[in-house]
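Results of the structural survey
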Amino acid sequence: MIYTFLADGFEEIEALCPIDMLRRAGLEVTTIAVHPDPQSTDKLVTGSHGIGVMADKSYTEMAAQPVPGDLEMVILPGGMPGSRHLDGSALVERYLKTAADKGAYMAAICAAPMVLGKRGYLSGKKAVCYPGFEEYLEGADVQDCAVAIDGNVITGCGMGAAMQFGGALIRMMKGAEKEEAILSAILADRV
């Protein structure tokens with residue numbers, strides 16, 4: 001299972017484009033609402049541009065149970081203040097630690113790679129982020145590209161790379177052939 005955390009103030013395209021692509025590829029994605037109040041039972045999350053999205057699960061619903069054993073990937077969309085909310089979330093912390101311990105994929109785009117960097121998950125790995133957040137990629141080999149893949153870590157530079165980021169996530173989960181098929185089906189191969 002792929003778990004995507006949607007925090008108030010997330011960048012809508014960075015979340016929804018990869019989620020859409022992953023689901024088109026036949027992968028299961030569960031979205032989890034993250035609000036500044038960790039006691040919130042609200043599933044409605046508002047993006048940085050005022051677009052409301054209904055998450056599959058509330059924060060409290062997921063915090064009340066152990067991290068599911070089916071965790072294969074954690075995705076952190078960027079945006080502000082969404083990335084700060086992800087960074088301050090004990091639930092996100094728990095999922096990332098579990099992912100790291102079991103070698104599951106950790107993916108972040110835009111400002112959200114800072115969450116991985118501040119916890120040491122990018123140390124010695126190639127990574128990208130939105131310009132200005134490089135200082136938080138502690139120990140990373142910062143790249144100048146749209147998407148960086150290094151072992152179990154996938155990072156994207158920002159909203160303009162959301163489709164490439166989604167394709168990379170599919171490639172890691174289902175292979176390059178499936179990625180190419182999805183990109184072709186959505187006509188991204190014509191760009």
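All values reported here derive from a predicted model rather than from experimental measurement.

Structural notes on the packing of aromatic side chains
- Going through the model one piece at a time under the given rule, you end up with three aromatic pairs.
- The interplanar angle of 40° and the centroid separation of 6.1 Å between the aromatic rings of Phe133 and Tyr136 together place this pair among those described as tilted.
- Taking the relative accessible area as the measure of exposure, Tyr136 reaches 29% and is therefore partly exposed.
- Three or more aromatic residues link up through ring pairs in this structure, and these residues are Tyr3, Phe5 and Tyr95.

Description of the pattern of salt bridges
- The full count for this structure, using the stated rule, is nine salt bridges.
- Arg119 is the partner of Glu93 in a salt bridge, and the nearest nitrogen-oxygen pair spans 2.6 Å. With a gap of 26 residues between them, Glu93 in helix α4 (residues 90-102) and Arg119 in the loop between α5 (113-118) and β7 (126-127) connect regions that are remote in the sequence.
- Judged by its relative accessible area of 21%, Arg119 is partly exposed.
- Taken together, the shared-partner salt bridges connect Asp87, Glu93, Lys118 and Arg119 into one network.

Notes on the pairing of strand β5 (residues 73-76)
- Burial along β5 is two-sided: the residues Met73 and Ile75 and Val74 and Leu76 are all buried.
- Here three bridges tie strand β1 (residues 2-7) to β5, and the two strands are oriented parallel to one another. Bridged to Tyr3 within β5 is Val74.
- In this sheet, strand β6 (residues 105-109) lies alongside β5 in parallel orientation, the contact comprising four bridges. Opposite Ile75, over in β6, you have Ala107 as the bridge partner.

Focus on the nonpolar core
- Formed by 34 residues in total, the largest nonpolar core has its most connected members in Phe5, Leu76, Leu86, Tyr95, Leu96 and Leu116.
- In terms of residue count, the dominant contributor to this core is α4 (five residues).
- In contact with Phe5, other than residues within four places in its own chain, are Ile32, Val34, Val74, Ile75, Leu76, Pro77, Leu86, Leu91, Val92 and Tyr95.
- One finds Met21, Val29, Val147 and Ala168 within the second-largest nonpolar core, a separate group that totals 22 residues.

Section: the sheet that holds strand β2 (residues 29-34)
- The six strands are arranged β2-β1-β5-β6-β10-β9 in an open sheet whose pairing can be described as mixed. In this open sheet, the two edge strands, each paired with only one partner strand, are β2 and β9 (147-150). Pairwise comparison of adjacent strand axes, ignoring direction, gives a mean angle of 15° for this sheet.
- Together, β1, β2, β5 and β6 form the strand contacts of helix α1 (residues 12-24), whose direction differs from that of β2 by roughly 160°.
- Across the sheet, α4 lies against β1, β2, β5 and β6, angled at about 140° from β5, the strand it touches most.

Considering the state of the cysteines
- Going through the model one piece at a time under the given rule, you end up with zero disulfides.
- Cysteine Cys129 remains unbridged, with the sulfur of Cys110 as its closest cysteine sulfur at 8.5 Å.
- Not part of a disulfide, Cys157 finds its nearest cysteine sulfur in Cys145, a span of 7.6 Å.
- Residue Cys157 is classed as partly exposed on the basis of its relative accessible area of 24%.

Observations concerning the pairing of strand β10 (residues 153-156)
- On β10, burial covers both faces: Val153 and Thr155 on one face and Ile154 and Gly156 on the other are all buried.
- In this structure, β6 lies alongside β10, joined through four bridges in parallel fashion. Its bridge partner being in β10, Ile109 is matched across the sheet by Gly156.
- Pairing analysis gives four bridges linking β9 to β10, with the strands arranged antiparallel. Within β10, the residue paired with Ala148 across the bridge is Thr155.
- Between β9 and β10, which pair antiparallel one after the other, the connecting turn spans two residues, and Gly151 there sits at a positive phi close to 65°.

Criteria and cut-off values
Residues numbered from 1 in each chain as written. Predicted model: local features only at pLDDT ≥ 70, side-chain atom pairs only at ≥ 80, totals over all residues. Heavy atoms only, no water. Phe/Tyr/Trp six-rings, centres within 6.5 Å; stacked < 30°, edge-to-face > 60°. Buried < 20%, exposed > 50% of the residue type's maximum accessible area, 1.4 Å probe, protein only. Salt bridge = Lys/Arg side-chain N within 4 Å of Asp/Glu carboxyl O. Helix = DSSP H or I, 4+ residues; strand = E, 2+ residues; numbered from the N terminus. Pairing = 2+ DSSP bridges. Core = buried A, V, L, I, M, F, W, Y, C linked by side-chain atoms within 4.5 Å. Contact = heavy atoms within 4.5 Å. Axes fitted to C-alpha atoms, helices over the stretch in contact; angles between N-to-C directions. Disulfide = S-S within 2.5 Å.

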